[in-house]
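A structural walkthrough
Residue-level listing of the chains:
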Amino acid sequence: MVRIHERRRISRTWKRTLVPRVDEYINNISRSLKGYDVLRCTDTSAEVEHNGKRWAVNLAEKTCTCREWQIKGIPCIHGATFIASIRNARWEEYVDPYFTVTKFKETYAGEIAAMPSNHEWKKCDLGYKMLPPLIKRPPGRPRKCRIKPSDEPKKKSNKCSRCGLPGHHINTCKNDVPVYHGEEIHNMQAGERVKKKSRAKRWTCSTSFFQILMDDDI
Ligand SMILES: [Zn+2]
Ligand SMILES: [Zn+2]
């Protein structure tokens, strides 16, 4: 309400056809047309060249092949170059009517009536009491897992670096490893990535192996 009134008040001071922000944009863009060349095809269409690139501009349709004009409703730099090359060009003819002061005033012409706060509301007896609706809990346990879309990439299953089989981690590996303990120790010394926990496990295993050997020797 306050904002609408503020905009209505500001727009009363505007004397030009276009809103000040668009006027400013046009002033800025018309100062930066250096290096753009216009090659006219007809009165309303032309090619605009800059640094070896070329765009097709149509004034009647208010279009440029860079598509900025069609999207913004305000001429792009290529369109601006063409408009600036026309003598006594009226810029407001090439800007969308949305940016005119008339349209701005129309937007904020509506009024929101002033309203008192609830302390002035009339109290009345309805004859019944309004209660919240009764909600019945649906059967079954609430879902915890997300329903995955069919095209979602599947998560890669972990491959055990001890036995090489997928589906479990080295820490929980219970498979027999078809290598000698000696080789395992050699691999570890060669810098194989083994976690601390599993290394301790292996050393225990290997130590007991050596202990058995030693026991055998004795
Ligand atoms: Zn353009
Ligand atoms: Zn394993």
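For clarity, every value in this text was computed on a predicted model and none was experimentally measured.

**Brief notes about the overall build of the chain**
- Along its length, the chain carries seven helices and four strands.
- Helices (α) and strands (β) of the chain occur, in sequence order from the N terminus, as α-α-β-β-β-β-α-α-α-α-α.
- In the chain, buried positions account for 10% of the 218 residues.
- Sequence separation of at least 24 residues holds for 42% of the intrachain contacts in the chain that already meet a minimum separation of 6.

**Describing the environment of Asn158**
- Residue placement: Asn158 occurs in the loop between α5 (101–107) and α6 (181–189).
- Considering only alpha carbons, one finds Asn158 and Ile170, twelve residues apart in sequence, at a separation of 9.6 Å.

**Topic: the confidence of the model for the chain**
- Confidence in the prediction for the chain averages 82 pLDDT; 81% of positions are at 70 or higher.
- Put simply, helix α7 (residues 196–217) is where the chain has its lowest mean pLDDT, 47, and strand β4 (residues 63–64) is where it has its highest, 94.
- Contacts for the low-pLDDT stretch residues 189–218, under 50 throughout, to residues beyond four places or in other chains number 16 contacts.

**Comments concerning helix α4 (residues 77–85)**
- By the burial criterion, the buried members of α4 are His78, Gly79, Ala80, Thr81, Phe82 and Ile83.
- Taken together, the buried residues of α4 touch α2 (20–30), β1 (37–40), β2 (45–50), β3 (53–58), β4 and α3 (68–72).

**Regarding the sheet that holds β4**
- If you trace the four strands from one edge of the open sheet to the other, you get β1-β2-β3-β4, paired in antiparallel fashion. At either margin of the open sheet sits one strand with a lone partner, and together these are β1 and β4.
- Where β3 lies against β4, two bridges are found, and the strand directions are antiparallel. From the neighbouring strand, Asn58 faces β4, where its bridge partner is Thr63.

**Focus: the pairing of β1**
- Pairing between β1 and β2: four bridges, direction antiparallel. Counterpart to Arg40 in the pairing with β2 is Ala46.
- Between the antiparallel neighbours β1 and β2 lie four residues.

**A short note on the UniProt feature "domain: SWIM-type" (unreviewed entry) in the chain**
- On the UniProt side, "domain: SWIM-type" (unreviewed entry) is annotated at positions that read residues 55–87 here.
- What you have in residues 55–87 is 42% helix and 18% strand, and the ends, taken at the C-alpha atoms, are 21 Å apart.

Parameters at a glance
- Residues numbered from 1 in each chain as written.
- Chains lettered and ligands numbered in written order.
- Predicted model: local features only at pLDDT ≥ 70, side-chain atom pairs only at ≥ 80, totals over all residues.
- Helix = DSSP H or I, 4+ residues; strand = E, 2+ residues; numbered from the N terminus.
- Buried ≥ 20, exposed ≤ 12 C-beta atoms within 10 Å, placed from the backbone.
- Contact = placed C-beta atoms within 7 Å.
- pLDDT = per-residue confidence, 0-100.
- Pairing = 2+ DSSP bridges.
- UniProt positions renumbered as here; feature names shortened; annotations may be inferred.

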